[in-house]
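Listed here are the chains, written in short residue letters.
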Amino acid sequence: MITVQHLVKRFGDLTVLKDVNAEIRRGEVVSIIGPSGCGKSTFLRCLNLLEQPTAGSITINGVDVMDPAADVALLRQKMNMVFQSFNLFSHLTVLENLTLGPIRLKGQTRDQAETRSMELLRLVGMAEKADSFPDELSGGQKQRVAIARCLAMEPEIILFDEPTSALDPTMVREVLSVIRRLARDGMTMAIVTHEMEFARDVSNRVFYMDEGVVYEEGPPEVIFTAPTREKTWAFINRVRTCSYQIETPDYDLYAINAQVEEFCEKHVLSRKLCDNILLIIEETLSLYRPYLQRGPVKVHVDYSEKTGELKLVFDAAPDADNPIETAGEDDLGSMLIQNIARNVSFHIDDERSRLEMLLPAQ
Ligand SMILES: Nc1ncnc2c1ncn2[C@@H]1O[C@H](COP(=O)(O)OP(=O)(O)OP(=O)(O)O)[C@@H](O)[C@H]1O
């Protein structure tokens with residue numbers, strides 16, 4: 001339904017979107033997540049030309065929206081947007097906020113527009129407030145009215161730009177329930193959100209944005225539990241991380257230990273976990289000693305606040321073999337590592353080899 005290719009957006013010297021490629025299909029609910037400032041809202045605003053893209057192409061049902069001859073008003077009806085700050089007209093009643101667009105832009109009669117608007121207000125639980133003014137409503141109520149107003153334009157897709165960021169928790173729930181209801185009814189939606197649990201259970205697909213691109217995309221069960229790329233994993237798990245580079249076989253283990261202890265104290269990790277990290281690093285580095293002649297080994301310690309798990313990654317030259325396998329099953333160090341660590345895995349790609357393992361919190 002919507003195809004985005006090589007989308008670039010610059011603000012002066014700042015390149016926010018470097019090369020965004022994405023597709024949103026009819027009936028899909030896509031959540032867009034990612035660190036603050038990575039360009040999620042900019043991406044959404046480019047889709048309906050609230051921001052003019054610098055380069056690239058966007059098509060909706062095969063129609064190029066960046067064609068200078070494109071009807072931007074019609075496009076915005078098809079891809080209607082719900083904003084964080086509601087954007088209701090404060091001098092109009094709730095009902096008038098809904099009927100304005102259909103009367104002015106879609107040529108509906110007042111009667112037609114009011115009948116449909118009342119149905120939509122019922123859908124979002126706001127019919128009772130039809131004659132109220134926006135200032136008389138809570139934030140959650142305003143946002144539900146804004147969603148009904150958006151629906152009144154019969155969009156093909158709704159773009160939600162952080163629809164709950166300005167709301168307190170009870171109101172977040174009422175707005176999310178309305179969005180869930182629309183998802184059940186098969187509405188196509190793209191939702192920029194910081195509500196991870198919601199993104200997880202409402203979407204068919206999740207885009208994780210980072211570095212100016214859709215860095216990883218997939219079904220929520222993959223993105224939220226087993227993302228394949230490093231930054232997605234770190235974001236999802238709210239990872240605290242530290243790294244050390246070991247250059248020679250005569251590395252200073254005391255200095256590394258002191259840094260690990262400091263990291264553990266800072267993140268209030270248990271004494272036992274800290275001792276296990278120290279032990280595993282010491283044993284693994286000693287297995288890596290022969291490779292240190294050829295190049296450095298980097299040690300990453302990643303602690304996930306969310307799962308309470310600690311991941312250790314040893315990153316070496318691509319010609320390094322799995323040092324645990326090389327040492328053999330009878331090696332004491334290798335036995336210790338296998339006893340304490342879980343999910344020990346070893347991968348090689350063109351540039352690096354990586355030995356990864358998880359240490360349980362308890
Ligand atoms: N109109 C603008 N002019 C200049 N810079 C802008 C403009 N709009 C956005 N930016 C910058 O672009 C970057 C991306 O902003 P954007 O709001 O798209 O990020 P985001 O991922 O939605 O962030 P958040 O999750 O914090 O809302 C930020 O550095 C922001 O300051």
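In the nomenclature of an unreviewed UniProt entry, the protein chain is known as ABC transporter domain-containing protein of Novosphingobium arvoryzae. A UniProt comment under Subcellular location (unreviewed entry) is attached to the protein chain, and it reads "Cell membrane". Annotation of the protein chain in UniProt includes, under Sequence similarities (unreviewed entry), the sentence "Belongs to the ABC transporter superfamily."

J.: Go over helix 13 (residues 332-340) with me, naming the residues and quoting the values.
T.: Taken together, the buried positions of helix 13 are occupied by Gly333, Ser334, Ile337 and Ile340. End-on, the buried residues of helix 13 take up no more than an arc of 140°, which puts them together on one face. Facing away from the buried side of helix 13, by more than 90 degrees, are the exposed residues Leu332 and Asn339. Contacts from the buried residues of helix 13 go to helix 11 (271-288), helix 12 (323-327), strand 14 (342-348) and strand 15 (353-359).

J.: I'd like a description of the nonpolar core, backed by residues and values.
T.: In terms of nonpolar packing, the biggest core is built from 37 residues, with Ile277, Ile281, Leu312 and Phe314 touching the most fellow members. Listed by contribution, the elements that provide at least two residues to this core are strand 11 (239-246), helix 10 (253-266), helix 11, strand 12 (297-304), strand 13 (310-316), helix 13 and strand 15. Among the elements that line this core, the one with the most residues is helix 11, at nine residues. Beyond its immediate chain neighbours, meaning those up to four positions away, Ile281 contacts Ile256, Val260, Val299, Val301, Leu312 and Phe314. Val94, Leu167, Leu176 and Ile191 belong to the second-largest nonpolar core, a separate cluster that totals 36 residues.

J.: Any chance you could break down the site of the ligand for me, citing the residues and the numbers?
T.: Around the ligand lies a shell of 14 residues, among which Ser36, Gly37, Lys40, Thr42 and Glu162 are the nearest. Glu162 is positioned such that a nitrogen or oxygen atom in its side chain is 2.7 Å from an oxygen atom of the ligand. When the ligand is considered free in solution it has 640 Å² of accessible area, and contact with the protein chains removes 60% of it. Breaking the shell around the ligand down by element, the ones donating at least two residues are strand 2 (14-24) and helix 1 (40-47). No other element matches the three residues that helix 1 contributes to the shell around the ligand.

J.: Tell me about the side chain of Thr93, and name the residues and values.
T.: Residue position: Thr93 is located in the loop between strand 6 (79-82) and helix 3 (94-106). Contact partners of Thr93, with chain neighbours within four places excluded, come to Ala130, Asp131, Ser132 and Phe133.

Calculation rules
Residues numbered from 1 in each chain as written. Predicted model: local features only at pLDDT ≥ 70, side-chain atom pairs only at ≥ 80, totals over all residues. Heavy atoms only, no water. UniProt positions renumbered as here; feature names shortened; annotations may be inferred. Buried < 20%, exposed > 50% of the residue type's maximum accessible area, 1.4 Å probe, protein only. Helix = DSSP H or I, 4+ residues; strand = E, 2+ residues; numbered from the N terminus. Arc of directions from axis to C-beta. Contact = heavy atoms within 4.5 Å. Core = buried A, V, L, I, M, F, W, Y, C linked by side-chain atoms within 4.5 Å. Near = heavy atom within 4 Å. Polar contact = N/O pair within 3.5 Å; in protein donor to acceptor, adjacent residues only side chain to side chain. Areas by Shrake-Rupley, 256 points an atom, 1.4 Å probe, with all protein chains shown as cover.

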